[in-house]
Amino acid sequence: MFFFIALTNRQEDLGIQWLECSHCQKKERAHIYLTYQVLILFFIPVFKWNKRYLVKMEDCGSLYEAEDASLEKLHLLKSGDRKKYCPYCLAEIDASYQYCPHCGKEVKERM
Ligand SMILES: [Zn+2]
Ligand SMILES: [Zn+2]
């Protein structure tokens, strides 16, 4: 007898939502992904488990895991390390800063 059984990891793109980023303390566009493992029997997915909702902030690159599909409770997995540069003195500054700590100018836009 031959059985076709496979175990794979899958990822579904659940689209974009505006969510509060606790790293930046503001609302950001976030990409929502559902990842899970699935047992495939004769090309039909029969069982899914290990479901995880991952949330990636577009602005700062922080990665969160949501407790469930409501996306109300987010746990930070990896804080964003995306840097921006001050357009006035070209110093590298944290993407969440509103003012450049080197020259004190306001830096709203990311370059
Ligand atoms: Zn953020
Ligand atoms: Zn500066």
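What counts as what
- Residues numbered from 1 in each chain as written.
- Chains lettered and ligands numbered in written order.
- Predicted model: local features only at pLDDT ≥ 70, side-chain atom pairs only at ≥ 80, totals over all residues.
- Helix = DSSP H or I, 4+ residues; strand = E, 2+ residues; numbered from the N terminus.
- Rg over C-alpha atoms; globule rule 2.2 N^0.38 Å.
- Buried ≥ 20, exposed ≤ 12 C-beta atoms within 10 Å, placed from the backbone.
- Contact = placed C-beta atoms within 7 Å.
- Core = buried A, V, L, I, M, F, W, Y, C linked by C-beta atoms within 7 Å.
- Pairing = 2+ DSSP bridges.
- Axes fitted to C-alpha atoms, helices over the stretch in contact; angles between N-to-C directions.

A. A look at the overall build of the chain. Assigned secondary structure in the chain consists of zero helices and seven strands. Taking 111 residues into account, the globule formula puts the C-alpha radius of gyration at 13 Å, and the chain, at 20 Å, lies well above it. When the backbone C-alpha atoms are referred to their principal axes, the chain occupies close to 75 × 25 × 20 Å. Split into buried and exposed, the 111 residues of the chain put 12% on the buried side. In the chain, of all internal contacts separated by at least 6 residues, the share reaching a separation of at least 24 is 31%.

B. Quick peek at the nonpolar core. Grouped together as the largest cluster of nonpolar side chains are eight residues: Cys-21, Ala-30, Val-55, Met-57, Cys-60, Leu-63, Tyr-64 and Leu-74. If you list the elements that add at least two residues to this core, you get strand 3 (44–57) and strand 4 (63–66). With residues up to four places along the chain from it excluded, the contact list for Val-55 reads Leu-19, Ala-30, Ile-32, Tyr-64, Ala-66, Leu-71 and Leu-74.

C. Representation of the environment of Leu-34 in the model. Checked against the element boundaries, Leu-34 lands in strand 2 (residues 26–41). A sequence separation of 18 residues divides Leu-34 from Arg-52, and the C-alpha atoms of the two residues are 5.7 Å apart. Not counting chain neighbours up to four residues away, the residues in contact with Leu-34 comprise Glu-12, Leu-14, Lys-51 and Tyr-53.

D. Summary view of the sheet that holds strand 4. Spatial ordering of the open sheet is given by 1-2-3-4-5, a layout of five strands whose pairing is antiparallel. Edge strands, defined here as strands with exactly one partner in the open sheet, are strand 1 (5–21) and strand 5 (74–78). Pairwise comparison of adjacent strand axes, ignoring direction, gives a mean angle of 30° for this sheet. Two elements, strand 2 and strand 3, share 11 bridges in a ladder whose sense is antiparallel. The residue of strand 3 that forms the bridge with Thr-35 is Arg-52.

E. Region of interest: the pairing of strand 3. Linking strand 2 to strand 3, which pair antiparallel, is a turn of two residues; within it Phe-42 sits at a positive phi near 50°. Where strand 3 meets strand 4, four bridges bridge the pair, whose relative direction is antiparallel. From the neighbouring strand, Tyr-53 faces strand 4, where its bridge partner is Ala-66. Linking strand 3 to strand 4, which pair antiparallel, is a turn of five residues; within it Gly-61 sits at a positive phi near 80°.

F. Up close: unusual backbone geometry. Phi angles above zero are rare outside glycine, and Phe-43 is one such case at about 70°. Along the chain, the position of Phe-43 falls in the loop between strand 2 and strand 3.

G. Summary view of the environment of His-23. With respect to the helices and strands, His-23 occurs in the loop between strand 1 and strand 2. Taking the number of C-beta atoms within 10 Å as the measure of exposure, His-23 has 21 and is therefore buried. Between the C-alpha atom of His-23 and that of Glu-65, which follows or precedes it by 42 residues, the distance is 13 Å.

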